[in-house]
Amino acid sequence: VLFGFCFNSFKKDFLNFWFFNSSMSGQGDSIGMMEGAFFVSRNEILAWANELLKLTLTRIEQCATGAVQCQIMDAIYPGKVNLAKVNWRAKHEYEFVNNFKVLQQIFMKMKIQKHIEV
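Residues numbered from 1 in each chain as written. Predicted model: local features only at pLDDT ≥ 70, side-chain atom pairs only at ≥ 80, totals over all residues. Heavy atoms only, no water.

Asks: Help me get a handle on the overall build of the chain, residues and values and all.
Replies: In terms of regular secondary structure, the chain is built from 4 helices and 0 strands. Put simply, the chain runs from its N terminus to its C terminus through helices and strands in the order α-α-α-α. The 118 residues of the chain split such that 41% are buried. Across the chain, every contact between residues at least 6 apart in sequence was considered, and the portion connecting residues at least 24 apart equals 46%. For the chain, the exposed area adds up to about 7,300 Å²; of that, 54% sits on carbon and sulfur atoms. (Helix = DSSP H or I, 4+ residues; strand = E, 2+ residues; numbered from the N terminus. Buried < 20%, exposed > 50% of the residue type's maximum accessible area, 1.4 Å probe, protein only. Contact = heavy atoms within 4.5 Å. Areas by Shrake-Rupley, 256 points an atom, 1.4 Å probe, with all protein chains shown as cover.)

Now the structure itself:
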């Protein structure tokens, strides 16, 4: 149990929050901008990601590479993300592109209707 929520029941809301108003698996539902998930502090997001993924993130900017999002998707859909293609040491924007392409592939595979401009 993370932050008082069962992981399975929290999965959909977290995906909607993290990927900003996505529609899940063709269900056609999404949360609005005033949903409580949009008012979670950076520290709470970092603590959640650190606990879920056994990481030591200290700044939200460390999530900008796309690698953390790929790990979260792998935690939710085990074995569906090709983690071998993720650049874990990406430091520059042009290196992040590959990670976001991997993320877009898992979105398409799992029928998550969210396009990432890469």
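Moving on from the coordinates now.
Asks: Go over the pattern of salt bridges with me, naming the residues and quoting the values.
Replies: Tallied over the full model, the rule gives 2 salt bridges. For E61, the salt bridge goes to R42, with nearest N and O atoms at 3.4 Å. Residue E61 is found in the loop between α2 (42-53) and α3 (67-76), and its partner R42 is found in helix α2; the two are separated by 19 residues along the sequence. The exposed category is assigned to R42, whose relative accessible area is 54%. The partner of R59 in a salt bridge is E61, with the nearest N and O atoms 3.6 Å apart. Of the residues examined, E61 reaches a relative accessible area of 42% and is grouped as partly exposed. Because the salt bridges share partners, they merge into one network encompassing R42, R59 and E61. (Salt bridge = Lys/Arg side-chain N within 4 Å of Asp/Glu carboxyl O.)

Asks: How would you summarise the side chain of N99 if you had to cite specific residues and measurements?
Replies: Mapped onto the secondary structure, N99 falls in helix α4 (residues 93-109). Judged by relative accessible area, N99 falls into the buried class, the value being 0%. Once residues within four sequence positions are removed from consideration, N99 is found in contact with T65, G66, A67, C70, K85, V86, N87 and A90.

Asks: So what about the environment of N82? Which residues, and what values?
Replies: Examined against the element boundaries, N82 turns out to sit in the loop between α3 and α4. Taking relative accessible area as the criterion, N82 reaches 38% and is therefore assigned partly exposed. In this structure, the C-alpha to C-alpha distance between N82 and L103, residues 21 residues apart in sequence, is 9.2 Å.

Asks: Requested: an account of the packing of α3 against α4, with residues and values cited.
Replies: The interhelical angle for the contact between α3 and α4, taken along N-to-C directions, is 25°, at an axis separation of 9 Å. When the axes of α3 and α4 are compared, the pair comes out roughly parallel. In this structure, α3 meets α4 at a crossing whose hand is left-handed. Counting all contacts with α3, which are made through A67, Q69, C70 and M73, the residues of α4 involved are N99, V102, L103, I106 and F107. (Axes fitted to C-alpha atoms, helices over the stretch in contact; angles between N-to-C directions. Parallel < 35°, antiparallel > 145°, perpendicular 65-115°, else oblique. Left-handed = near helix turned anticlockwise from the far one by under 90°.)

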